[in-house]
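Each chain, written out:
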Amino acid sequence: TDPARSPLLQALNPEQLAAVTLPAAHALILAGAGSGKTRVLTTRIAWLLSTGQVTAGGIMAVTFTNKAAKEMLTRLQAMLPLNVRGMWIGTFHGLCHRLLRAHWKLAALPQTFQILDTQDQLSAIKRLVKQQGLDEEQFKPKELQWFIAHCKEEGLRPHQIPIHDEDHRRKVEMYQLYEAQCQREGVVDFGELMLRSFELLRDQPALREHYQQRFRHILIDEFQDTNRLQYAWLKQLAGHEEQGRFVPGSNAVLAVGDDDQSIYAFRGARVGNMADFVREFGVRHQIKLEQNYRSHGHILDAANHLIDHNRSRLGKQLRTDQGAGEPLRVYEAPTDFAEAQWIVDEIRHLVKNDGLPRQEVAILYRSNAQSRVLESALFNAGVPYRVYGGLRFFERAEIKHALAYLRLLDNPHDDTSFLRVANFPPRGIGARTLEQLQDRARSRGCSLHDAVEHLGGAAATKLRAFVAKIDVMREATAGATLRQIIDIMLQHSGLLAHYRDDRDGADRVENLEELVNAAESFVMQEGFGRDAVALPLDETASTLAVAGQSPVSQGLDPTAALLDLPLSDAVAAETGETVSPLVAFLTHAALESGDNQAQAGQDAVQLMTVHAAKGLEFDAVFIAGLEEGLFPHENSLSNMDGLEEERRLMYVAITRARKRLYLTHAQTRMLHGQTRYHLRSRFFDELPEHCLKWLTPPSAGWGAGERGSPWGAAPSRVGMQPAWGRSGLAETGFTVPASARQTASPAQAAAPHGIRAGMQVFHPKFGEGKVLTVEGQGDDARAQVSFMRHGSKWLALSVAKLTPI
Ligand code: ATP
Ligand code: MG
């Protein structure tokens with residue numbers, strides 16, 4: 001039969017068909033989002049198999065995530081009556097692991113080698129530092145961990161590293177000692193999986209040839225995000241070196257990618273691998289796909305327009321036949337809380353009126369910590385949701401640790417919490433010691449806390465120190481506000497310091513800070529006014545008990561707020577006891593971490609970071625928190641490369657949407673435990689006006705010339721609405737939630753000292769600049785200002801002489 005008429009190929013356009021049916025040679029597909037790259041890759045595998053050009057064992061396909069690998073297998077299975085289980089389809093790490101398991105002896109590993117995760121790796125390094133009698137202050141284990149991982153990503157063993165100075169020499173020495181220790185203990189970290197299997201192929205010609213013969217077709221998706229070592233690994237499987245030059249082999253490598261979607265530079269990804277691939281493999285088949293099948297016209301226009309602002313691009317265009325479709329809806333909320341409310345209302349509308357399945361709706365955000373407010377709004381509205389590629393807020397390890405400490409403050413006899421954090425952050429209390437303690441507690445019929453004093457020996461000393469720590473914390477937090485309690489706990493427990501030191505801990509630190517926000521808004525919502533919380537506990541309790549009978553307040557005035565006590569009051573009614581804010585908060589956390597996460601298979605809204613959304617698509621997408629400092633992220637604002645990577649991230653976010661796209665931002669947001677005033681993201685000004693529909697009046701943006709009130713800005717915007725909650729909104733068919741209406745006022749955006757985000761200001765030393773962010777209050781107020789000549793700086797408003805101009 002004519003393979004070109006196979007039903008597999010019928011839906012393809014000519015370029016896609018050409019790519020799927022390419023002769024067995026090296027090829028690159030470079031194409032924009034939604035153009036069918038992944039579909040081509042999968043269909044090509046099916047076509048190669050169904051036409052008998054290769055057997056299932058002759059294919060290796062590399063995907064970026066395990067989820068993508070699973071999806072590819074499912075799709076293949078749907079196309080072919082085939083047992084795909086034994087196929088080599090997976091992530092780089094997954095495939096390397098497989099290789100090492102199969103050839104452990106040649107790789108000089110014990111048969112039972114174990115994998116070290118990041119946490120285990122750190123403990124191993126700490127042990128080593130101690131054993132060497134080194135000072136942890138000088139040789140920070142986290143830094144060493146980062147150094148070692150980085151060397152491995154670059155494919156470097158200790159002896160290959162040129163030494164700069166004495167400090168560097170010690171680091172390299174530690175790397176060497178660490179290697180020896182891992183080898184002795186038979187363990188392999190993530191970086192080692194990749195490097196060791198690379199060396200295995202490089203140093204074992206017979207094995208290399210075996211796999212080169214075997215994998216006739218190697219296909220790699222998301223090639224733009226491969227790092228140096230991964231590319232070198234690929235070259236081992238598809239060629240050899242001759243007099244220092246790479247000679248490609250006879251197998252066929254198909255690389256598929258989009259330079260505009262390269263978003264992992266921070267982990268060593270190298271877009272340059274694409275150009276190297278074309279050159280070194282002598283690629284003759286380069287295919288462009290320009291037809292986008294995913295998104296409606298306005299969405300695609302917006303994506304094209306945005307990414308055009310990047311300078312370093314290979315350059316390509318996308319078109320669609322699907323018609324313009326709906327405009328992108330832009331919504332500005334007064335607070336992050338109101339933003340989440342609005343999104344949830346809108347989702348309910350989409351599901352009810354437009355009949356969208358919930359799983360076709362995604363909420364994307366730049367930072368993990370943003371999920372909490374969104375989760376809370378979904379939870380309160382009873383909308384099932386699933387946090388994808390990460391845990392839900394109250395289930396994240398660092399949050400559970402923090403909650404365990406809080407529980408111990410409330411009740412030192414909570415044994416589960418005791419066990420959870422007795423040795424976290426690590427303080428040298430071993431599993432055996434804890435077992436002994438549990439035995440002792442069992443035989444005496446007391447709690448672990450109380451059993452400590454009955455335990456003898458050296459092991460007990462550390463446990464006593466832990467118990468003392470908890471007791472000291474409890475005293476320090478007596479009579480404190482919920483916020484103070486959490487602050488003290490985060491400091492004294494060592495949790496915050498522990499994650500601050502962690503190379504990969506930034507997200508976790510953000511989450512811990514977000515816990516403070518959770519507590520703040522809980523206090524507001526539940527009506528524990530600040531004054532009330534500061535009272536001694538029993539007095540508070542009696543005030544609360546009386547207040548519980550009063551009418552519901554608006555939850556803003558601290559005194560009036562006392563009158564509204566939904567959760568605590570309910571608990572009190574049931575148990576006949578009154579509860580402290582801490583207990584009420586812990587109950588709330590336990591409830592939110594319960595099983596409200598959608599069950600497997602249940603139709604649920606999808607929440608994830610933009611990074612985790614790569615390759616996926618949804619009918620409706622919300623991109624939340626589009627503010628300067630958040631997205632683009634503040635860490636990236638100081639340099640061009642960072643900003644371009646943020647823009648690619650925004651491009652990835654936009655192109656996830658098929659039919660509807662919502663862009664939202666908030667004037668104020670609780671961030672790192674403080675209220676911050678943000679400008680809306682500069683990305684709004686990089687989108688074509690005709691694609692946007694402003695559901696709220698555009699306020700002060702990044703663009704120049706917007707100096708006045710945030711409401712007076714940019715009169716040229718089309719679709720501008722006169723004010724909150726007016727007919728303009730009704731016309732769109734959406735309503736403003738009550739919560740947003742109540743708090744929506746331009747005064748919200750005004751900060752102390754008269755300095756406000758968006759203002760042009762003058763500083764005697766730095767000259768003219770623009771205020772990006774204002775945060776904190778009174779003497780603590782500070783502003784981030786972008787100066788024309790001096791870049792962006794944080795200034796304390798009580799000291800810095802800033803004049804509005
Ligand atoms: P990304 O860059 O986001 O990974 P991609 O280029 O890999 O995108 P795919 O996910 O393969 O794109 O395809 C996008 C969508 O378009 C999918 O729903 C796919 O099924 C559909 N599609 C691709 N090609 C065609 C076609 N010829 N006809 C109809 N639909 C198509
Ligand atoms: Mg794809």
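Residues numbered from 1 in each chain as written. Chains lettered and ligands numbered in written order. Predicted model: local features only at pLDDT ≥ 70, side-chain atom pairs only at ≥ 80, totals over all residues.

- You'll find the protein entered in an unreviewed UniProt entry as DNA 3'-5' helicase, with Tepidicella xavieri given as the organism.
- Checking UniProt for the protein, the heading Sequence similarities (unreviewed entry) contains the comment "Belongs to the helicase family. UvrD subfamily." (UniProt positions renumbered as here; feature names shortened; annotations may be inferred.)

**Observations concerning the overall build of the protein**
Then step 1. In terms of helices and strands, the protein carries 30 helices and 23 strands.
Then step 2. The proportion of buried residues among the 805 residues of the protein is 43%.
Then step 3. Within the protein, contacts between residues at least 6 apart in sequence are counted, and of these 71% link residues at least 24 apart. (Helix = DSSP H or I, 4+ residues; strand = E, 2+ residues; numbered from the N terminus. Buried ≥ 20, exposed ≤ 12 C-beta atoms within 10 Å, placed from the backbone. Contact = placed C-beta atoms within 7 Å.)

**A word on the site of ligand 1**
Then step 1. Not every one of the 19 residues close to ligand 1 is listed here, only the nearest: Gly36, Lys37, Thr38, Arg39 and Tyr293.
Then step 2. The residue inventory of the shell around ligand 1, partitioned by class, reads five nonpolar, nine polar and five charged. (Near = placed C-beta within 6 Å. Nonpolar A, V, L, I, M, F, W, Y, C, P; charged D, E, K, R; others polar.)

**What about the sheet that holds strand β10 (residues 285–287)?**
Then step 1. Taken together, the six strands give an open sheet; going across it, the order is β3-β2-β6-β9-β1-β10, and neighbouring strands pair in parallel fashion. One side of each edge strand has no neighbouring strand; the edge strands of this open sheet are β3 (88–90) and β10. Strand-to-strand twist in this sheet, taken as the mean axis angle between neighbours without regard to direction, amounts to 10 degrees. (Pairing = 2+ DSSP bridges. Axes fitted to C-alpha atoms, helices over the stretch in contact; angles between N-to-C directions.)

**Examining the UniProt feature "binding site: ATP" (unreviewed entry) in the protein**
Then step 1. Per the UniProt record, the feature "binding site: ATP" (unreviewed entry) sits at Ala31, Gly32, Ala33, Gly34, Ser35, Gly36, Lys37 and Thr38.
Then step 2. Its location among the elements puts Ala33 in the loop between β1 (27–30) and α2 (37–50).
Then step 3. On the basis of neighbour counts, which here come to 23 C-beta atoms within 10 Å, the residue Ala33 falls in the buried class.
Then step 4. Looking at the secondary structure, you find Gly36 in the loop between β1 and α2.

**Some details on the environment of Leu128**
Then step 1. Along the chain, Leu128 turns up in helix α5 (residues 118–131).
Then step 2. We classify Leu128 as partly exposed; it has 19 C-beta atoms within 10 Å.
Then step 3. Put simply, Leu128 and Met174 are 46 residues apart on the chain and 8.1 Å apart in space, counted from C-alpha to C-alpha.
Then step 4. Not counting residues within four places of it along the chain, the set of residues in contact with Leu128 comprises Met174, Leu177, Tyr178 and Gln181.

**Description of the pairing of strand β12 (residues 361–365)**
Then step 1. Counting buried residues along β12, five of its five residues qualify, which places the element largely inside the surrounding structure.
Then step 2. Bridge analysis of β12 against strand β15 (residues 618–623) gives four bridges, and the strand direction is parallel. Bridging from a neighbouring strand, Ile363 pairs with Phe622 of β15.

**With respect to the pairing of strand β11 (residues 328–335)**
When a strand is regular, its side chains alternate between the sheet's two faces.
Then step 1. Buried residues dominate β11, accounting for seven of its eight residues.
Then step 2. Here β11 runs beside strand β18 (residues 692–694); their pairing, made up of three bridges, is parallel. When the bridges of β18 are listed, Leu328 appears paired with Leu692.
Then step 3. Pairing of β11 with strand β16 (residues 657–671) involves six bridges; the strand directions are parallel. Residue pairing across strands places Arg329 opposite Tyr662, the latter belonging to β16.

**Description of the environment of Asp189**
Then step 1. With respect to the secondary-structure elements, Asp189 resides in strand β5 (residues 187–189).
Then step 2. Along the chain, Asp189 and Leu116 lie 73 residues apart, while their C-alpha atoms are 4.7 Å from each other.
Then step 3. Sequence-distant contacts of Asp189, that is, excluding residues within four places in its chain, are made with Leu116 and Gln121.

**What about the nonpolar core?**
Then step 1. The biggest cluster of nonpolar side chains holds 75 residues, and the ones touching the most others in it are Ile29 and Ile45.
Then step 2. Broken down by element, the residue count for this core peaks at seven residues, all from α2.
Then step 3. Apart from the residues within four sequence positions on either side, Ile29 is in contact with Ala19, Lys37, Val40, Val256, Ile287 and Leu289.
Then step 4. One finds Ile343, Val361, Leu374 and Phe622 within the second-largest nonpolar core, a separate group that totals 65 residues. (Core = buried A, V, L, I, M, F, W, Y, C linked by C-beta atoms within 7 Å.)

**A short note on the packing of helix α6 (residues 141–153) against helix α7 (residues 166–185)**
Then step 1. Between α6 and α7, the least distance of the axes is 10 Å, while the angle of their chain directions is 80 degrees. Relative to α7, α6 is oriented roughly perpendicular. Of the residues in α7, those in contact with Leu144, Phe147, Ile148 and Cys151 of α6 are Lys171, Met174, Tyr175 and Tyr178.
Then step 2. When grouped by side-chain class, the residues that make up the contact of α6 with α7 number seven nonpolar, no polar and one charged. (Parallel < 35°, antiparallel > 145°, perpendicular 65-115°, else oblique.)

**Side note on helix α28 (residues 640–654)**
Then step 1. A rise of 1.5 Å per residue sets the reference length of α28, with its 15 residues, at 21 Å; its end C-alpha atoms lie 21 Å apart and thus fit the reference within 8%.
Then step 2. Extensive coverage of α28 is indicated by the burial of eleven of its 15 residues.
Then step 3. Every buried residue belonging to α28 is among Glu644, Glu645, Glu646, Arg647, Arg648, Leu649, Met650, Tyr651, Val652, Ala653 and Ile654, and all of these are buried.
Then step 4. For α28, the secondary structure elements touched by its buried residues are α12 (297–307), β12, β15 and β16. (Expected span 1.5 Å × (residues − 1).)

**Brief notes about the confidence of the model for the protein**
Then step 1. Looking at the protein, the pLDDT average stands at 81 and 82% of residues meet or exceed 70.
Then step 2. The element-level mean pLDDT for the protein is lowest in helix α25 (residues 558–561), coming to 25, with β15 highest at 98.
Then step 3. Scored below 50 in pLDDT, residues 529–577 makes 74 contacts in the model with residues more than four places away or belonging to other chains.
Then step 4. Overall fold confidence (pTM) sits at 0.69, and the ipTM for the predicted complex is 0.99. (pLDDT = per-residue confidence, 0-100.)

**Examining the packing of α2 against helix α3 (residues 66–79)**
Then step 1. Interhelical geometry of α2 versus α3 gives an angle of 45 degrees and a closest axis separation of 10 Å. Between α2 and α3, the crossing angle belongs to the class labelled oblique. Between α2 and α3 lies a crossing of right-handed hand. Contacts between α2 and α3 involve Thr42, Ile45 and Ala46 from the former and Met72, Arg75, Leu76 and Met79 from the latter.
Then step 2. A breakdown of the residues in the contact of α2 with α3 according to their chemical character gives five nonpolar, one polar and one charged. (Left-handed = near helix turned anticlockwise from the far one by under 90°.)

**Notes on the environment of Ala18**
Then step 1. Its location among the elements puts Ala18 in helix α1 (residues 14–20).
Then step 2. Along the backbone, Ala18 and His285 are 267 residues apart, and their C-alpha atoms lie at a distance of 9.9 Å.

**Quick word on unusual backbone geometry**
Then step 1. With an omega of -5 degrees, the peptide bond between Phe424 and Pro425 qualifies as cis.
Then step 2. Following the sequence through the fold, Pro425 ends up in the loop between α16 (415–421) and α17 (431–444).
Then step 3. Here Phe631 and Pro632 are connected by a cis peptide whose omega angle stands at 10 degrees.
Then step 4. Tracing the chain through its elements places Pro632 in the loop between β15 and α28.
Then step 5. Unusually for a residue other than glycine, Ala108 sits at a positive phi of about 60 degrees.
Then step 6. Positive phi is not limited to glycine here, since Glu222 has a value of about 50 degrees.
Then step 7. Considering the arrangement of structural elements, one finds Glu222 in the loop between β6 (217–220) and α10 (228–237).

**A word on helix α11 (residues 272–280)**
Then step 1. Buried residues of α11: Asn273, Met274 and Phe277, and no others. Down the axis of α11, the buried side of the element spans an arc of 105 degrees, and every buried residue falls inside it.
Then step 2. Along its buried surface, α11 packs onto β1, α10 and β9 (252–257).
Then step 3. In the segment just after α11, Gly282 is the residue with positive phi, at about 55 degrees. (Arc of directions from axis to C-beta.)

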